[in-house]
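Secondary and tertiary structure notes
The residues making up each chain are set out below.
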Number of protein chains: 4
Amino acid sequence: MSNSTNGHGHQPALTFGMIGGGQGAFIGAVHRIAACMDHQARFAAGALSSDPGRAVASARELGLPTDRAYPTWQAMLDAETKRPPAAPGEERGPGHRIDFVVIVTPNHAHHAPALAFTRAGFHVVCDKPLCTSTAQAEELVAAAAKAGTVFAVTYNYSGYPMVRQARHMARSGELGAIRKVVVEYNQGWLASKLEATGQKQADWRTDPARSGAGGAIGDIGSHAEHLLSTITGLELDAICADLTSFVPGRRLDDDASVLLRFKPHAPGAAPAKGVLIASQIGIGHENDLRIRVHGERATLAWRQEEPNALHHCPEGEPERILRRGNAYLCDAAKAASRIPPGHPEAFLEAFANIYRGAIAAMRQGVGGEAGAARFDFPGLADGARGVRFIERVVDGAASERKWTPFHGT
Amino acid sequence: MSNSTNGHGHQPALTFGMIGGGQGAFIGAVHRIAACMDHQARFAAGALSSDPGRAVASARELGLPTDRAYPTWQAMLDAETKRPPAAPGEERGPGHRIDFVVIVTPNHAHHAPALAFTRAGFHVVCDKPLCTSTAQAEELVAAAAKAGTVFAVTYNYSGYPMVRQARHMARSGELGAIRKVVVEYNQGWLASKLEATGQKQADWRTDPARSGAGGAIGDIGSHAEHLLSTITGLELDAICADLTSFVPGRRLDDDASVLLRFKPHAPGAAPAKGVLIASQIGIGHENDLRIRVHGERATLAWRQEEPNALHHCPEGEPERILRRGNAYLCDAAKAASRIPPGHPEAFLEAFANIYRGAIAAMRQGVGGEAGAARFDFPGLADGARGVRFIERVVDGAASERKWTPFHGT
Amino acid sequence: MSNSTNGHGHQPALTFGMIGGGQGAFIGAVHRIAACMDHQARFAAGALSSDPGRAVASARELGLPTDRAYPTWQAMLDAETKRPPAAPGEERGPGHRIDFVVIVTPNHAHHAPALAFTRAGFHVVCDKPLCTSTAQAEELVAAAAKAGTVFAVTYNYSGYPMVRQARHMARSGELGAIRKVVVEYNQGWLASKLEATGQKQADWRTDPARSGAGGAIGDIGSHAEHLLSTITGLELDAICADLTSFVPGRRLDDDASVLLRFKPHAPGAAPAKGVLIASQIGIGHENDLRIRVHGERATLAWRQEEPNALHHCPEGEPERILRRGNAYLCDAAKAASRIPPGHPEAFLEAFANIYRGAIAAMRQGVGGEAGAARFDFPGLADGARGVRFIERVVDGAASERKWTPFHGT
Amino acid sequence: MSNSTNGHGHQPALTFGMIGGGQGAFIGAVHRIAACMDHQARFAAGALSSDPGRAVASARELGLPTDRAYPTWQAMLDAETKRPPAAPGEERGPGHRIDFVVIVTPNHAHHAPALAFTRAGFHVVCDKPLCTSTAQAEELVAAAAKAGTVFAVTYNYSGYPMVRQARHMARSGELGAIRKVVVEYNQGWLASKLEATGQKQADWRTDPARSGAGGAIGDIGSHAEHLLSTITGLELDAICADLTSFVPGRRLDDDASVLLRFKPHAPGAAPAKGVLIASQIGIGHENDLRIRVHGERATLAWRQEEPNALHHCPEGEPERILRRGNAYLCDAAKAASRIPPGHPEAFLEAFANIYRGAIAAMRQGVGGEAGAARFDFPGLADGARGVRFIERVVDGAASERKWTPFHGT
């Protein structure tokens, strides 16, 4: 079992400012717990709402000092830029500049602060989807490349240890060439018109102005795409999509069924296929992300609601259930775990693993895709691909032709 | 619990002849057990192979008398037609004509004996798919209508008690209008080129001349289509299919992914959607037929490998697991069960339920769709629809247009 | 997959008479299906109730001919003894003597017909528990030894293929020395005073005059004892029991908790321990027999309600789920299966495996324990041990001393 | 969903010192994460090892300042007592006295610091078992009563939301009178002689001088006792125990099987019974704590490795699976949850719930059992009962009489 300092001597906790995530938000609290779980980061500043008054009130309620309870992210950017950064290895005091920002606003409000903070040299952790257009995504990629900063996108499900084990097995060839991937992300909480009640989470997610062009496909289908890409390394070639708004009057899709074709893994090889289902009208499904990967020699299956287990079916042999925390797992899976087998880890711990990677990259000063790859967290390439995925599915669903290319038109 | 005579006085067992199902066949033995489980039928004659010598040898090995060990189904037809039928209620003696035939040949050899025996006034139980073209299917429908005989198609999974419970719940409106259906039938036994080894089951199933135009879509996708149609009562409007032969050199599909659109359940209502997956390269899946039905108010889920349970998720309430044999089930589910809760029933018992229904129809002399409906077994309408399904999926998979209408072209 | 004739040429079906099992009985119908499933036996005679009128009416309702619808088992014994036996290999006609009797009466009425038919040279299949005292059991053992007939006791759960696989693994040393066994058999159907409603199954099972000294411990605890003995081969050394009648006014135990100590498997070795729980007041448990066997190197777990799976946990490796019908299983498990993996087999098929073994012994003329061992079915030694188990638990529960020796006093 | 500040305005985080839990310890890291998860506490001081040098090195490695990296708990007591406490509502600065201590040493080293810090007026959070004798426990109870401080014992499994739901259902009468409880805690990590390898966790747990008189019964059996007592409210009347050391040369039990009798819930009522199994030689079980509670009208079942689900079986109705985070749960279960349904919470979150309660009691200044009851965490009464439980099981296992009274001798 790894411990919280990775056993290599003390390093002072980094400090962060949060954008969004104030009163009534779900995901802000999750990020604060996840960022701080390993005692490597401290919540130090916030512009917690698009409403300045509410932003300040939320910050005070969460214990931020008055001078860091910012009314807007622009104010936070201005003020923090003026503070001096801590020296490497120095304990962060109240006067030091924050090390990074965490962006947990509705989708439409990711891009502007992400771009501004990146350009100002701050590291960024941004919720998914990264932004609402490929053009925006490319702008962020360029800015981060120029700034050399760390940029993490919280595709948090990739932080699960057993997802990392699945990735190891799929990519090391243990399954043989991958033939078919079935990924589903079903929820039921939008089976009725919750947005009509004013429920905050439902309200913005079903509003194209704030959510972007995708409903379920953006909110959860995007996670499904990331999970399959992370585990398999397959690259999408074309998609065939059917989007539906089952709830009368809803303005965005609440259900998506998508056929997938991947690029051949080798020249001349048969391409893999896939099916992606994302639905928010599946009553009884709470947060049911699951994936099956069928290779030539074995199948893997994993389910987010039972995250400590990975099912491995080698041809002609009994099914095996690999469990988190055991010595027989790959290094990446072991490193992503805090406590012994049978002491279940779950959503928050997986989320914290994304932060653990991003913070390590910040400390080592390894920005961009190099940092994401080396310290094992989703970066801007994942984020940009996710935005393209939403766009292409929305385009494809509107088309009468069967296959919509993933790149090009 | 029902008992094996349905508590209504003794009725003599009917006798049947089998076509196909001799040495090395899997499904012939299944039919013999299923037909006889409730002591309502007796295996009395057979033309058990397309090879006359093997047909006779198989019949002898199975204990049939010499004069009913027929070399061909034509010989059986001739000879049995010449025997006198038993009077109603009379015990069948060795001289009486068989009451029905069971056809368990490869797909291409269903149509001819089915047509001939139907025209000669015999009842027929035929394995699925009914035949290999819609034209053949229509010919059978017409012949049976004219003859007034019973014709059952062994979509055996519809015989499970909990499938009947699901049907009851879906059709009684307990789920609200159905929105989405996801049905999967995954197997792994054809993940490598088993047909190259001479394995008999793999050999004919991958041969277009004997299997028809569909591989996995015909062999198992057809069961999936029937399961969803039976449970939901939804009618297909259009399909969008992707068929693949993953195993190099295989001549038929071994994997199918199909998007489904259904006709609106009421004029102006939003149509339901669906996804159907059928694959025989899914290593680790043995015979993994499963279905989920999402309605406006509840979800149902059932899985063939755990057939005694039906999962019911009403909105806002805990998931419920309904189990076979309990007093809270619908009449059709209770009638399809032989033993108490917790004493699991499985594949053979479900299969026997198809026979139980068909034999009851034969005894009551209620032929055609009326018999199938009244005595609760799949009949020619199911069989013909299944053949069309295979055809339309094969056609659709070859097309560049997205949606292929289920009826019309 | 094995087929129903074991592939070795046709052998005529044996005929049997049934004692008990008429109208309203559950287990009689089960035995009739199980005995006939493989087409190796035919129900030919019956004394189906202790009430002569009801016995005859039940027999007629089940289609037995008038002259074999016996009012009493004594009448059946007299009449069948007078009929000539069929010659070996001869098809049984209506005039031939039955080959064996099946005894499915309440417990108190097993011994007399079992003894009489055995002495008269008939083979016997008797439900469990064998009888109601060790003295009776010894009398049966002696009689069968003298007669040389086959005697099977339907501890039907030992007929499951995966129980046979577990036995193979436990006895072949794959687990290392066995340390601890936990076996539970929980049901909930007697959680309220069902016997007060006149329900037939509850009525005799809670009546000491018909059930014997044990309630739950006899009805289901006895199955649990047999399961653990069969799988592990361990021999009981001492027990420590607590029996309870939770339902007010109930005359027999409806709940049993028993600590077990086994004889050392080798001189000087540490003895294995165990816990046996049997309860009929466990609401929500339908027929929940389950066992875990912990060895020095691995654990096995099996559950009757999911009978096609066996869980195998080798130390330091992932859990494995072995499934019925696969090539990797032992010969005994494969031989006990009729259909391929994923086509679940269940209660009736397992029950039929007991008959398959007993009938094979009858055909080969191998009586007594030799037949039971060679053809793999529970015989009189199992039956007698089961009766002793019930006795010792009842005695031990009444004692203030902690450990009651299994043998001796 | 509750948020991390309980929505009632900001309160400054309390500070704590830790005793034990340095390099190589598992449980120290768990306590640090759990204590800090809700941003209500801060790790500020430590005497992290019984070896002074190691204590200081560990503290430095974890980032504690030099002046709070104590060599011994006595040094920490001296120094912290000299610091001034913060005023209520005041942010804790580096000069303020810690608010509470966390004791995570091996069992034998709980009592002395717990007593000393309690007497000095510090709040205490102590791992279980509380201490190694009833006499010690009573001394702690008396000291805390006198001091009026908060004292929590981390029976962490009672922090799971669904355990609180089970408690609500069992105690509100929803199950009817409880009849039988079966609780098991199985692990496999001590199936071989791990202590001989020097593994630190195994070493002290199998050493009577550090672990106390109980091995598995103390380490995990104690958790099982607490779980059943918490959920049911039943009081033990007598126990009948069998303890075993299966691993040759092991000095303490590694396996326990215990029959339980409870006091009648009402005068004249039939007493409930139970079975408790605790084993550390159950290969394949990782941390498999599970409980079933059978009442007159329903059964509940919960398992630590699937902690987000609670199974509820009402008589005559389908089984229901209640899941964490849903609106249909009781208030205590909802309050113990941080994130929505389907986003699984697990071990660390449950552990943090114990801290959440204890910290709330500290803030409100409600010490002793009143605080434990009002703020829902295990206190000294639980701790003392747990110590008695271990003692009585060890005594009972050594006795030839069947039942050992829980109180008295």
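The text that follows walks through the structure, step by step, so that each part is easy to find.

Analysis parameters
Residues numbered from 1 in each chain as written. Chains lettered and ligands numbered in written order. Predicted model: local features only at pLDDT ≥ 70, side-chain atom pairs only at ≥ 80, totals over all residues. Heavy atoms only, no water. Helix = DSSP H or I, 4+ residues; strand = E, 2+ residues; numbered from the N terminus. Rg over C-alpha atoms; globule rule 2.2 N^0.38 Å. Buried < 20%, exposed > 50% of the residue type's maximum accessible area, 1.4 Å probe, protein only. Contact = heavy atoms within 4.5 Å. Least-squares fit on C-alpha atoms with pLDDT ≥ 70 in both. Pairing = 2+ DSSP bridges. Axes fitted to C-alpha atoms, helices over the stretch in contact; angles between N-to-C directions. Polar contact = N/O pair within 3.5 Å; in protein donor to acceptor, adjacent residues only side chain to side chain. Core = buried A, V, L, I, M, F, W, Y, C linked by side-chain atoms within 4.5 Å.

Things to note about the overall build of chain A
Each helix and strand counted, chain A has 13 helices and 14 strands in total. Over its C-alpha atoms chain A spans a radius of gyration of 21 Å, differing by no more than 12% from the 22 Å that the globule rule assigns to 409 residues. Over its C-alpha atoms, taken along the principal directions, chain A stretches across nearly 60 × 50 × 40 Å. Considering chain A as a whole, with its 409 residues, one finds that 65% of them fall into the buried category. In chain A, once contacts between residues fewer than 6 apart in sequence are set aside, the share between residues at least 24 apart is 67%.

As for the relation of the copies chain B and chain A
What relates the pair of chain copies is a rotation about an axis plus a shift along that axis. Each copy of the sequence occupies a distinct position, and chain B is placed on chain A by a rotation of 180° and an axial shift of 0.0 Å, giving an RMSD of 0.0 Å. Taken together, the rotation and translation relating the two chain copies correspond to the operation of a two-fold axis. Looking at the rotation axis and the C-alpha trace of chain B, the residue lying nearest is Lys402 of chain B, at 2.1 Å. Comparing interface residues between copies, 100% of those in chain B also sit at the interface in chain A, which points to an isologous, same-surface contact.

Some points on the sheet that holds strand S4 (residues 123-126) of chain A
One key point about sheets: their strands pair by backbone hydrogen bonds, in either a parallel or an antiparallel sense. All names here are of chain A. Taken in spatial order, the five strands make up an open sheet running S2-S1-S3-S4-S5, and their pairing is parallel. Two strands lie at the open edges of the sheet, namely strand S2 (41-47) and strand S5 (151-153), each paired on one side alone. Each adjacent strand pair in this sheet contributes to an overall mean axis angle of 20°, direction not counted. Here six bridges tie strand S1 (residues 14-19) to S2, and the two strands are oriented parallel to one another. Along S2, the bridge assignment pairs Ile19 with Ala47. Relative to S2, helix H3 (residues 73-82) is tilted by about 125°, and along the sheet it contacts S1, S2 and strand S3 (100-103).

Thoughts on the environment of Ser172 of chain C
All names here are of chain C. Tracing the chain through its elements places Ser172 in the loop between helix H6 (161-171) and strand S6 (178-186). Expressed as a C-alpha distance, the spacing of Ser172 and Glu195, which sit 23 residues apart in the sequence, is 45 Å. There is a polar contact of 2.9 Å between the side chain of Ser172 and the backbone oxygen of His168. For Ser172, the side chain forms a polar contact with the main-chain oxygen of Met169, separated by 3.3 Å.

Quick look at unusual backbone geometry
Residue and element names in this part refer to chain A. Of note, the amide linkage connecting Lys128 to Pro129 takes the cis form, showing an omega dihedral of -10°. Mapped onto the elements of the fold, Pro129 is located in the loop between S4 and helix H5 (134-147). Phi angles above zero are rare outside glycine, and His39 is one such case at about 60°. With relative accessibility at 30%, the residue His39 sits in the partly exposed group.

Structural notes on helix H1 (residues 27-36) of chain C
All names here are of chain C. The element H1 is extensively covered by neighbouring structure, given that ten of its ten residues are classed as buried. Regarding H1, the residues found buried are Ile27, Gly28, Ala29, Val30, His31, Arg32, Ile33, Ala34, Ala35 and Cys36. Residues of H1 that are buried in the fold lie against strand S1 (14-19), strand S2 (41-47), strand S3 (100-103) and helix H11 (347-364).

Digging into the pairing of strand S11 (residues 298-303) of chain C
All names here are of chain C. Inspection of the sheet shows strand S10 (residues 288-295) paired to S11 by five bridges, in the antiparallel sense. Within S11, the residue paired with Val293 across the bridge is Leu300. What sits between S10 and S11 in their antiparallel hairpin is a turn of two residues. One ladder, built from four bridges, connects S11 with strand S12 (residues 309-314); its direction is antiparallel.

Brief notes about the nonpolar core
Within the largest apolar cluster, 170 residues are counted, with the highest numbers of intra-cluster contacts made by Phe100 and Leu276 of chain B together with Phe100 and Leu276 of chain C. Ignoring any residue separated from it by four or fewer positions in sequence, one finds Leu276 of chain C in contact with Val183, Ile217, Gly221, Ala224, Glu225, Leu228, Ala256, Ser257, Val258, Leu260 and Phe389 of chain C.

Quick notes on the side chain of Gln280 of chain A
Residues and elements named next belong to chain A. Relative to the helices and strands, Gln280 is located in the loop between strand S9 (273-279) and strand S10 (288-295). At 3.0 Å, the side chain of Gln280 forms a polar contact with the side chain of Gln187. Apart from the residues lying within four places of it in its own chain, the contact partners of Gln280 are Gln187, Gly188, Trp189, Leu190, Ala191, Gly215, Ala216, Asp219, Ile220 and Asp254.

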